[in-house]
Amino acid sequence: TLAREVREAIAERVVRWTLPPLWCIAVYTALTVYLTIGVTQPTRYAPSLVAGVAFVAVAWLWRKRCWLQAAAILSISANVAIMSAVLLNGLAAPAYWAGLLLMALVVPLFGMRWAVSSALLLAAGGGCWLLLHSLGWTLDLSPLPPIVSYVQYVGYLAVGLIIVAGPHRLLIDALAEG
């Protein structure tokens, strides 16, 4: 893994630049779900609620300048939010794709073990949903309106660029100094 000070610098950049857009994605998703399907499918709100609670903890750690801890809470809570989306709403839940962004966050900050563990957990969550579905134990939910998926996707693109650009920019700065 990278040296602690490099990981701290990456974590600071990632947390500072991703938390506001992630708040927007969570709030906008919940609002869009409410405006399009109301409360007829309450499980659709679980990922945004999980994320919102976690984002408060990340914001508190931000204020304390505990960047690696904030990034760890962010990555762990992302796993929980994604798992809740998949297990409650199925494999077509737009949040399932956020796992790809999570890998881009976890690898440089916490190493391959965390990343592989996270990937296996998310894959197992999808497998659990498939098993539950085959047993008839999943909810029969209507698909989300396309606007919800689109907005989440655009948000994921923005967050993905931020996550990837942080380490890239630090590398460019280090090379310029050397």
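A quick note: this is a predicted structure, and the numbers were derived from the prediction, not measured.

Asks: Honestly, the nonpolar core in this entry has me stumped. Any pointers?
Replies: Taken as a class, soluble globular proteins show a tendency for nonpolar side chains to be buried jointly. Phe-55, Leu-74, Leu-105, Leu-109 and Phe-110 are the most contacted members of the largest nonpolar core, which totals 37 residues. Among the secondary structure elements, those contributing two or more residues to this core are α1 (4–37), α2 (46–63), α3 (67–89), α4 (98–134) and α5 (146–177). The next biggest cluster of nonpolar side chains, apart from the first, holds 5 residues, and it includes Val-33, Ile-37, Tyr-45 and Val-148.

Asks: Honestly, unusual backbone geometry in this entry has me stumped. Any pointers?
Replies: Non-glycine residue Arg-65 carries a positive phi angle of around 60°. Tracing the backbone shows Arg-65 in the loop between α2 and α3.

Asks: Looking at this model, I keep getting lost on the packing of α1 against α4. Mind explaining?
Replies: Interhelical geometry of α1 versus α4 gives an angle of 150° and a closest axis separation of 9 Å. Taken together, the axes of α1 and α4 are roughly antiparallel relative to one another. Where α1 crosses over α4, the two elements pack in a sense that is left-handed. Together, Arg-7, Ile-10, Ala-11 and Val-14 of α1 and Leu-105, Pro-108 and Leu-109 of α4 make up the contact between the two elements. A per-class count over the contact of α1 with α4 returns 6 nonpolar, no polar and 1 charged.

Asks: Is there a simple way to explain the packing of aromatic side chains in this structure?
Replies: The geometry of an aromatic ring pair is captured by two quantities: the separation of the ring centres and the angle between the planes. Counted under the stated rule, the structure contains 3 aromatic pairs. A centroid spacing of 5.3 Å and a plane angle of 65° characterise the contact between Trp-23 and Phe-55, whose relative ring orientation is edge-to-face. Of this pair, Trp-23 sits in helix α1 while Phe-55 sits in helix α2, and the two are 32 residues apart along the sequence. What makes Trp-23 partly exposed here is its relative accessible area of 30%. Judged by centre distance (4.5 Å) and plane angle (25°), the rings of Phe-110 and Trp-114 are stacked. With Phe-110 and Trp-114 both in helix α4, this residue pair falls 4 residues apart, about one helical turn.

Asks: Any chance you could explain the packing of α1 against α3 here in plain terms?
Replies: Relative orientation and spacing of two packed helices are given, respectively, by the angle between their axes and the distance between those axes. Across the interface, α1 lies against α3 with an axial gap of 8 Å and an inter-helix angle of 50°. By the criterion of interaxial angle, the relationship of α1 to α3 is oblique. For the element pair α1 and α3, the recorded crossing hand is left-handed. Within the contact between the two elements, α1 uses Arg-4, Arg-7, Glu-8, Ala-11, Glu-12, Val-15, Arg-16, Thr-18, Leu-19 and Leu-22 and α3 uses Trp-67, Leu-68, Ala-70, Ala-71 and Leu-74. Split into classes, the residues belonging to the contact of α1 with α3 amount to 9 nonpolar, 1 polar and 5 charged.

Asks: What is the right way to look at the side chain of Gln-41 in this model?
Replies: For Gln-41, the location among the structural elements is in the loop between α1 and α2. Only 2.9 Å separates the side chain of Gln-41 from the side chain of Arg-44, close enough to count as a polar contact. If we ignore the near neighbours within four places in the chain, the residues touching Gln-41 are Leu-141 and Ser-142.

Asks: Mind showing me how you'd approach the side chain of Thr-29 here?
Replies: Examined against the element boundaries, Thr-29 turns out to sit in helix α1. Within the structure, Thr-29 has its side chain in polar contact with the side chain of Gln-152 (distance 3.3 Å). Other than its neighbours up to four places away in sequence, Thr-29 contacts Cys-24, Ser-48, Val-148 and Gln-152.

Definitions and cut-offs
Residues numbered from 1 in each chain as written. Predicted model: local features only at pLDDT ≥ 70, side-chain atom pairs only at ≥ 80, totals over all residues. Heavy atoms only, no water. Core = buried A, V, L, I, M, F, W, Y, C linked by side-chain atoms within 4.5 Å. Buried < 20%, exposed > 50% of the residue type's maximum accessible area, 1.4 Å probe, protein only. Helix = DSSP H or I, 4+ residues; strand = E, 2+ residues; numbered from the N terminus. Axes fitted to C-alpha atoms, helices over the stretch in contact; angles between N-to-C directions. Parallel < 35°, antiparallel > 145°, perpendicular 65-115°, else oblique. Left-handed = near helix turned anticlockwise from the far one by under 90°. Contact = heavy atoms within 4.5 Å. Nonpolar A, V, L, I, M, F, W, Y, C, P; charged D, E, K, R; others polar. Phe/Tyr/Trp six-rings, centres within 6.5 Å; stacked < 30°, edge-to-face > 60°. Polar contact = N/O pair within 3.5 Å; in protein donor to acceptor, adjacent residues only side chain to side chain.

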